[in-house]
Amino acid sequence: QVQLVESGGGLVQAGGSLRLTCAASGRTFSNYAMAWFRQAPGKEREFVAGVSWSTYYADSVKGRFTISRDNAQNTMYLQMKSLKPEDTAVYYCSIALRGGTIYTARNQYDYWGQGTQVTVSS
């Protein structure tokens, strides 16, 4: 059974940094794309960043966020810097069990974590 568990969220001031971690279990994930999404209150869940053999970022976080993964540890990270109040959301990790393509549509992802709250104060 695939399980994804996020951690590392919290409250931070604007301009600050956080690192999110997604621990995966249940199978080997090295051949599949993984991604971070986020959902703010009253808004749709949106793509943030994805990683397979390459990386891809939403324009809103490009240059501020860095996604990475450690396949030996089945772990994915999201380093977030220069955080803004508009980054406030619940952040979710996900995996697409259909190869290494990084999809930006949430319906292409098969498993999701429970989410971790990130709150950026102004």
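Residues numbered from 1 in each chain as written. Predicted model: local features only at pLDDT ≥ 70, side-chain atom pairs only at ≥ 80, totals over all residues. Heavy atoms only, no water.

### Description of the side chain of Thr-116
Structurally, Thr-116 can be placed in strand β11 (residues 116-121). Here the side chain of Thr-116 touches Gly-9 through a polar contact of 3.2 Å, landing on its backbone nitrogen. If we skip the residues at most four places from it in the chain, Thr-116 touches Glu-6, Ser-7, Gly-8, Gly-9, Leu-20, Ala-89, Val-90 and Tyr-91. (Helix = DSSP H or I, 4+ residues; strand = E, 2+ residues; numbered from the N terminus. Polar contact = N/O pair within 3.5 Å; in protein donor to acceptor, adjacent residues only side chain to side chain. Contact = heavy atoms within 4.5 Å.)

### A word on the sheet that holds strand β3 (residues 18-25)
With antiparallel pairing, four strands are arranged side by side in an open sheet as β1-β3-β8-β7. The open sheet is flanked by β1 (3-7) and β7 (65-70), the only strands paired with a single partner. In this sheet, neighbouring strand axes are inclined to one another by 15° on average, regardless of whether the strands run parallel or antiparallel. By the bridge criterion, six bridges tie β3 to strand β8 (residues 75-80) in an arrangement that is antiparallel. By the bridge assignment for β8, Cys-22 is matched with Met-76. (Pairing = 2+ DSSP bridges. Axes fitted to C-alpha atoms, helices over the stretch in contact; angles between N-to-C directions.)

### Observations regarding the packing of aromatic side chains
If you walk through the whole model with that rule in mind, you get six aromatic pairs. Here the aromatic rings of Phe-37 and Tyr-109 are separated by 5.3 Å at their centres, their planes lie at 75°, and the arrangement is edge-to-face. Placement of the pair is Phe-37 in strand β4 (residues 33-39) and Tyr-109 in the loop between β9 (89-96) and β10 (111-112), with a sequence separation of 72 residues. Given a relative accessible area of 6%, Tyr-109 falls into the buried group. For Phe-37, a relative accessible area of 1% puts it in the buried group. The structure contains a cluster of three or more aromatic residues connected by ring pairs, namely Phe-37, Phe-47, Tyr-56, Tyr-103, Tyr-109 and Trp-112. The ring of Tyr-92 is capped by Arg-45, whose NZ or CZ atom sits 3.6 Å from the centre of that ring. When the ring centre of Trp-112 is taken as reference, the NZ or CZ atom of Arg-45 above it lies at 4.9 Å. (Phe/Tyr/Trp six-rings, centres within 6.5 Å; stacked < 30°, edge-to-face > 60°. Buried < 20%, exposed > 50% of the residue type's maximum accessible area, 1.4 Å probe, protein only. Lys NZ or Arg CZ within 6 Å of the ring centre and 35° of its normal.)

### Notes on the side chain of Ser-52
Position of Ser-52 among the secondary structure elements: in the loop between β5 (46-51) and β6 (55-57). Classification of Ser-52 as buried rests on a relative accessible area of 15%. A polar side-chain atom of Ser-52 sits 2.7 Å from the main-chain carbonyl oxygen of Gly-100. Not counting residues up to four positions away in its chain, the partners in contact with Ser-52 are Ala-33, Arg-69, Gly-100 and Ile-102.

### A word on the nonpolar core
Nonpolar side chains tend toward joint burial in soluble globular proteins. Grouped together as the largest cluster of nonpolar side chains are 37 residues, with contacts concentrated most on Trp-36, Leu-78, Met-80 and Tyr-91. Those elements that place two or more of their residues in this core are β3, β4, β5, β7, β8, β9 and β11. Residues in contact with Tyr-91, not counting those within four places in the same chain, are Glu-6, Leu-20, Trp-36, Phe-37, Arg-38, Val-48, Phe-65, Leu-78, Met-80, Gly-115, Thr-116 and Val-118. (Core = buried A, V, L, I, M, F, W, Y, C linked by side-chain atoms within 4.5 Å.)

Take it as geometry only, folks, not as evidence of what the structure does.
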